[in-house]
Structures are given as C-alpha cells and as structure tokens.
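# Reading the structure
The chain contents come next:
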Amino acid sequence: MDYKKAGVDIEAGYKSVELMKEHVKKTMRPEVLGGIGGFSGAFSLEKIKGMEEPILLSGTDGCGTKVKLAFVMDKHDTIGIDAVAMCVNDVVCAGGEPLFFLDYIACGKNEPEKIATIVKGVAEGCIQSGAALVGGETAEHPGLMEEDEYDLAGFAVGVVDKKDLITGADIKPGDTLIGIASSGVHSNGFSLVRKVFEITKESLETYYEELGTTLGEALLAPTRIYVKALKSVKDNGVKIKGCSHITGGGFYENIPRMLPDGVRAVTKKDSYEVPAIFKMLQKTGDITDEMMYNTFNMGVGMVLAIDPKDEAATLEALKAAGEKAFVLGEVVAGEKGVDVE
C-alpha cells in the first residue's frame, strides 16, 4: 500500500505546481520576495512606510455552489476570478488597496491540467485587482469529494492609510447613492439558481435571445472586480463616505452594513435596467420581488454613498474606468435599513 493507492497522487501535485507557475508569475509585484514554492509567501512592507497610519485589511470567501455549474459545463477558466473578486471587493469597500492573495483548492482527484486552468483564473483575478498571487494550496480529498469535484476559496490582504479608511460614519441624510453595475449573478444565490433552472449540460448550453448568450455562459460570467473603479473615483478627488459590496443577502443585508445609526437608504428599482438573467430567474422560479432583492445583486455589484456635490465627478470617474454607473437612490433620516421602492 502507498499514498497513490490510497487516492492521493503526489506526482500529480508536483505537475500542477509546474503548470500553474506561468500564470502565477504574471501577478508578481515588486514587493514579493522569493520565488514560487516556498512554505510561505513573503511580501515587503517597505512601500507603506510613507503612510501616516497604515492599516491592514483582509477578506476571505469562496465561490459557493457556483462551482457546480463549472463541473457540468467542464469550464474552469473563470471560476478563479470569482474567488479573487469576492475577497478583493470586500477589501476595497474599506478604501484599501489589495496587496496579495492566496487560494485554496480542495479536490476529489488532482487533475493537473484542470487545477492549472483554475489557477489561471485566479491569476487573472489578481491581475485585474493588482494583487500578487503569493501562494496557495491544492488538497486532494479522495473519499470525501467526488473525483471530478472541487471547491475553491481564498483570502486577500490589503492596506489603507487610516485617513482614507471608508467607514460610513460620515453618511448623512441627503447623501447620494451610486450603483455600479454587476456582470451578472456574480457568486451568490446559486443554491436558489440551481433550484430554479435544470442544471444539465443541455440546459446550460441552450441559447436564449433575451440573454444574448447561453444560460450557462450568463450564469458563469465571472464576478466583476471593482478595485480600479474605486481608485478612479478617489483619484478624481471624490471622498467615498460609504461602500457596500452587494453579495449574499442582496440589497437588504448589504446596503445597511455601511450605514451609521439614524439614517436609511432609499433605492429606486427604476433607476437602472435590471439585467435579463434576473428577470428570467424571477419569472421561471416565480420569485417575489422582495426575495429577489434579498438574495441577488439584481444588477448592482457595488453601492457608494457620496456627497451630492460629487455626483457628476463620481459618475465621470466610473465611466472613465469602464464601469456602468447610475444614481441608485439617496440617504434619508430614519431607522437604519434600506427601502427598495
């Protein structure tokens, strides 16, 4: 008896590392010390010495059951972007710059080419966010997971000068809420998605005119990364008072997270066009409006609270960064929470 007969192929692990190296190298920043393959990732903090009071930020998350669609479609090159996005978008909500990222892949069987493809997506997410991929782990779990299954998670570390920290403390009645468009369902609500739609290869490969693509491509569209968008707003001289990443829990859970006591967010459904995938989900699943806005991002990936005088400058900066943005609503006096009207 040996480890390979027990279900763990050490040689496959070595091959995975070799195949992923070319992707990892593309994410390197000058602060990264050492090469790939060490026991820990080393990252110099020399550059943050110029900050008055540097604060480290961190975020961790996974892709949830969205990975099930990747299994069925046998498409694994974008799911890594989702893992990075879910973490770095939380870091930038506090005004931070993502510095580095580490991933964790658990699989039933290590197929080096598949693992390398997943990591290629992770690397792409890191490139989009400016974070270095400084390490990770691939764990083979025979008997615990099916051979063709895997789970993907990770965490990001970022930094912000305390004076630039976004806390929401200064949000007041009359402030404007800016919505930044999502790229689709992102990485939340897929347990409900999988109950609404038949998750088979045939179903996911069906083309829909209203989507302009297949159902599978629409659902698997990678989560949008907003690092450069928020940097563009800051560079345009705008102070972001509050920021909400619209993830699990939709509008109802996430928007209030940036609000101080005594103020309430009022969002307008008709302030933007809800993407077709959400309309299809709601109609097919016979889902109420309240449940849709309590589960999905509904086409809004990030919400910013700003002073009304900064509205034009914010929209201009977001457009310059390649984002679709709009005035989503306003802040009013009242009990902390959100109204979706």
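Residues numbered from 1 in each chain as written. Predicted model: local features only at pLDDT ≥ 70, side-chain atom pairs only at ≥ 80, totals over all residues. Heavy atoms only, no water.

Before going further, it helps to examine the overall build of the protein. Secondary structure summary: the protein contains 12 helices and 14 strands in total. Relative to the compact-globule value of 20 Å for 341 residues, the protein shows a C-alpha radius of gyration of 21 Å, a close match. Considering only intrachain contacts with a sequence separation of at least 6, the fraction spanning at least 24 residues in the protein is 86%. Within the structure as shown, the protein displays about 15,800 Å² of accessible surface, and the carbon and sulfur contribution to it stands at 51%. Between the centroid of the 37 positive side chains of the protein and the centroid of its 53 negative side chains there is a distance of 3 Å. (Helix = DSSP H or I, 4+ residues; strand = E, 2+ residues; numbered from the N terminus. Rg over C-alpha atoms; globule rule 2.2 N^0.38 Å. Contact = heavy atoms within 4.5 Å. Areas by Shrake-Rupley, 256 points an atom, 1.4 Å probe, with all protein chains shown as cover. Lys, Arg positive; Asp, Glu negative; His and termini not counted. Charge placed at Lys NZ, Arg CZ, Asp CG, Glu CD.)

This structure, assessed with the given rule, holds 24 salt bridges. Linking Lys163 and Asp161 is a salt bridge whose minimum nitrogen-to-oxygen distance equals 3.5 Å. With a relative accessible area of 51%, Lys163 lands in the exposed category. Among the ionic contacts, a cluster of salt bridges with common partners joins Arg29, Glu31, Lys47 and Glu97. (Salt bridge = Lys/Arg side-chain N within 4 Å of Asp/Glu carboxyl O. Buried < 20%, exposed > 50% of the residue type's maximum accessible area, 1.4 Å probe, protein only.)

All right, on to the packing of helix α8 (residues 227-235) against helix α12 (residues 311-320) then. It is the contact of α8 with α12, at a shortest axis distance of 8 Å, that shows an interaxial angle of 140°. Taken together, the axes of α8 and α12 lie oblique to each other. Between α8 and α12 lies a crossing of right-handed hand. Across from Ala229, Ser232 and Val233 in α8, the residues of α12 making contact are Thr314, Ala317 and Leu318. Classifying every residue of the contact of α8 with α12 gives 4 nonpolar, 2 polar and no charged. (Axes fitted to C-alpha atoms, helices over the stretch in contact; angles between N-to-C directions. Parallel < 35°, antiparallel > 145°, perpendicular 65-115°, else oblique. Left-handed = near helix turned anticlockwise from the far one by under 90°. Nonpolar A, V, L, I, M, F, W, Y, C, P; charged D, E, K, R; others polar.)

This part takes up a negative patch on the surface. On the surface, a cluster of negative charge is made up of Asp74, Glu111, Glu146, Glu147 and Asp148. Inspection of the secondary structure puts Asp74 in the loop between α2 (67-73) and α3 (79-93). (Patch = residues over 30% accessible without salt bridge, like charges linked within 9 Å, V, L, I, M, F, W, Y side chains within 5 Å.)

Let's shift gears to the sheet that holds strand β3 (residues 54-62). Spatially, 4 strands are ordered β3-β6-β4-β5 in an open sheet, and the strand pairing comes out mixed. Both edges of this open sheet fall to β3 and β5 (132-140), since each of them pairs with a single strand only. Averaged over all pairs of adjacent strands, the angle between strand axes in this sheet comes to 15°, irrespective of strand direction. Pairing analysis gives 9 bridges linking β3 to strand β6 (residues 150-161), with the strands arranged antiparallel. Bridging from a neighbouring strand, Pro54 pairs with Asp161 of β6. Taken strand by strand, α3 contacts β3, β4 (97-107) and β6, and its axis lies near 30° from that of β6. (Pairing = 2+ DSSP bridges.)

Here we come to the environment of Leu211. Its location among the elements puts Leu211 in the loop between β8 (207-208) and β9 (213-214). By relative accessible area, Leu211 is classed as buried at 18%. Spatially, the C-alpha atom of Leu211 lies 18 Å from that of Ser187, the residues being 24 residues apart in sequence. When near neighbours in sequence (up to four residues on either side) are disregarded, Leu211 contacts Ala218, Ala276, Ile277 and Met280.

Glancing now at the packing of aromatic side chains. Scanning the entire structure with this criterion turns up 5 aromatic pairs. Judged by centre distance (6.2 Å) and plane angle (55°), the rings of Phe278 and Phe296 are tilted. Remark: Phe296 occurs in the loop between α11 (289-293) and β12 (300-306) and Phe278 occurs in helix α10 (residues 276-285); sequence separation between them is 18 residues. Each member of the pair, Phe278 together with Phe296, is buried. (Phe/Tyr/Trp six-rings, centres within 6.5 Å; stacked < 30°, edge-to-face > 60°.)

Here the focus is α3. Spanning 15 residues, α3 covers 22 Å between terminal C-alpha atoms, matching the ideal 21 Å at 1.5 Å per step. Its maximal kink placed at Ala85, α3 deviates by approximately 25°. A large share of α3 lies buried, amounting to 14 of its 15 residues. One or two positions beyond α3, positive phi appears at Gly95, with a value near 90°. (Expected span 1.5 Å × (residues − 1). Bend = angle between axes of the 7 residues up to and from the residue.)

Once that is clear, we can look at the environment of Ala131. Structurally, Ala131 is set in the loop between α4 (112-129) and β5. Sequence separation of Ala131 and Asp339 is 208 residues, and the distance between their C-alpha atoms is 35 Å. When near neighbours in sequence (up to four residues on either side) are disregarded, Ala131 contacts Thr27, Arg29, Pro98, Leu99, Phe100 and Cys126.

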